[in-house]
Amino acid sequence: GGCDLILEDPFLADQSWCAMKTRVSRVRQVLPARVLYIVAGTSNGAEGWKRARIAQDAGCGLGVSLWSSLGTLQDIARHTECPLFLHAGGEHVWTTGPFGMSPTVLRMLAHYAGCDSIPAGMFGGVYGEPLGELRDRIAAMRTSLPSFTGEMTPERASALAAQLGPDVLLLGGS
């Protein structure tokens, strides 16, 4: 069957040994046009803009982590047309401890910043989160597409769709 979407690891970004512009060009050359390639672009400020332009010019989506800042995400979403995918790696730094915010509030902020797809959390498996919390997070994301990763199997995908509906992005691999 193939795949419709390829999402890079969020911390690949623009390493000296794997420059983003070169990587995007080479990957796009071998992918069918129907495949959405989401290139890792975690950065902020001027560098964030540079990476967003590389992704947009190549017809790619842009994957960024929370470490890019919500302001950078908002600016990229407002001024580019590439789909913006949030990586939630390191989320627990923001959502735990005495000054941590609710994971649901964090997702609402990411939605308002303009992210097109936001990780909702973990469904089932070792790190599975309560179904009620996942539903609250999905509701907070409004029109952003919730994504799920981690231990994704065909069985878990069927169970997730039965519990949370079909309008989710399931990411497997790594």
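Above this text you will find the structure in question.
Computed from a prediction, not measured in an experiment: that's the story for all the values here. (Residues numbered from 1 in each chain as written. Predicted model: local features only at pLDDT ≥ 70, side-chain atom pairs only at ≥ 80, totals over all residues. Heavy atoms only, no water.)

Some points on the side chain of Thr42
Basically, it comes down to this: The secondary structure listing takes helices from DSSP runs of H or I that are at least 4 residues long and strands from runs of E that are at least 2 residues long, numbered from the N terminus. Whenever two N or O atoms come within 3.5 Å, that pair is a polar contact, provided that in protein one can donate a hydrogen and the other can accept it, and provided that, for residues adjacent in sequence, both atoms are side-chain atoms. Two residues form a contact once any of their heavy atoms are found within 4.5 Å.
Position of Thr42 among the secondary structure elements: in the loop between strand 2 (36-40) and helix 2 (45-57). At a separation of 3.0 Å, a polar atom in the side chain of Thr42 contacts the main-chain amide nitrogen of Ser65. Look past the residues within four positions of Thr42 in its chain and what remains in contact with it is Pro10, Ala13, Arg51, Gly63, Val64, Ser65 and Ser68.

Here we look at the pattern of salt bridges
Worth spelling out the cut-off: Between Lys or Arg on one side and Asp or Glu on the other, a salt bridge is scored when a side-chain nitrogen of the former is within 4 Å of a carboxyl oxygen of the latter. Burial here depends on accessible area, computed with a 1.4 Å probe over protein chains only, as a share of the maximum for the residue type. Under 20% is buried, over 50% is exposed, and the range in between is partly exposed.
For the structure shown, the criterion picks out eight salt bridges. Residue Arg51 is joined to Glu47 by a salt bridge in which the shortest nitrogen-to-oxygen separation is 3.1 Å. With a gap of four residues between them, Arg51 and Glu47 both fall in helix 2, about one helical turn apart. Judged by relative accessible area, which is 27%, Glu47 ranks as partly exposed. Residues Glu133 and Arg137 are paired through a salt bridge, measuring 3.4 Å at the closest nitrogen-oxygen approach. Separated by four residues within a single helix, Glu133 and Arg137 lie in helix 6 (residues 131-141), roughly one turn from each other.

Concerning helix 5 (residues 103-113)
Using the following cut-off: Note: the arc covers the axis-to-C-beta directions of the helix.
Taken together, the buried positions of helix 5 are Leu106, Arg107, Ala110, His111 and Ala113. The buried residues of helix 5 all sit within an arc of 160 degrees when viewed along its axis, so they share a single face. The inward-facing, buried residues of helix 5 contact helix 3 (70-79), strand 4 (84-87), helix 4 (91-95), strand 5 (117-121) and helix 6. One side-chain oxygen at the N-terminal end of helix 5 lies 3.1 Å from the backbone nitrogen of Thr104; it belongs to Ser102. After helix 5 finishes, the residue Gly114 shows a positive phi value of roughly 110 degrees.

Overview of the packing of helix 1 (residues 20-30) against helix 2
Operational definition: Axes here refer to lines fitted to C-alpha atoms; in helices the fit is confined to the stretch in contact. Angles between the N-to-C directions go from 0 to 180 degrees. Every angle not falling under 35 degrees, over 145, or within 65 to 115 is termed oblique; those three ranges are roughly parallel, roughly antiparallel and roughly perpendicular. We call a crossing left-handed when the near helix sits turned anticlockwise from the far one by less than a right angle, and right-handed when that turn is clockwise.
Interhelical geometry of helix 1 versus helix 2 gives an angle of 15 degrees and a closest axis separation of 10 Å. As judged from the angle between their axes, helix 1 and helix 2 are roughly parallel. Our pair here, helix 1 against helix 2, has a crossing hand that is right-handed. Residues Met20, Lys21 and Val24 of helix 1 touch helix 2, and the partners they reach there are Arg51, Ile54 and Ala55.

Quick word on the pairing of strand 4
Keep this limit in mind: Two strands form a pair only when DSSP identifies at least two bridges running between them. When the strands point away from the viewer, a crossover counts as right-handed if the route from the first strand across the helix to the second turns clockwise.
Across the two faces of strand 4 the burial is the same, with Leu84 and Leu86 and Phe85 and His87 all buried. In this structure, strand 3 (residues 61-65) lies alongside strand 4, joined through four bridges in parallel fashion. If you follow Val64 over to strand 4, its bridge partner there is Leu86. Remark: the strand 3/helix 3/strand 4 crossover connection has right-handed handedness.

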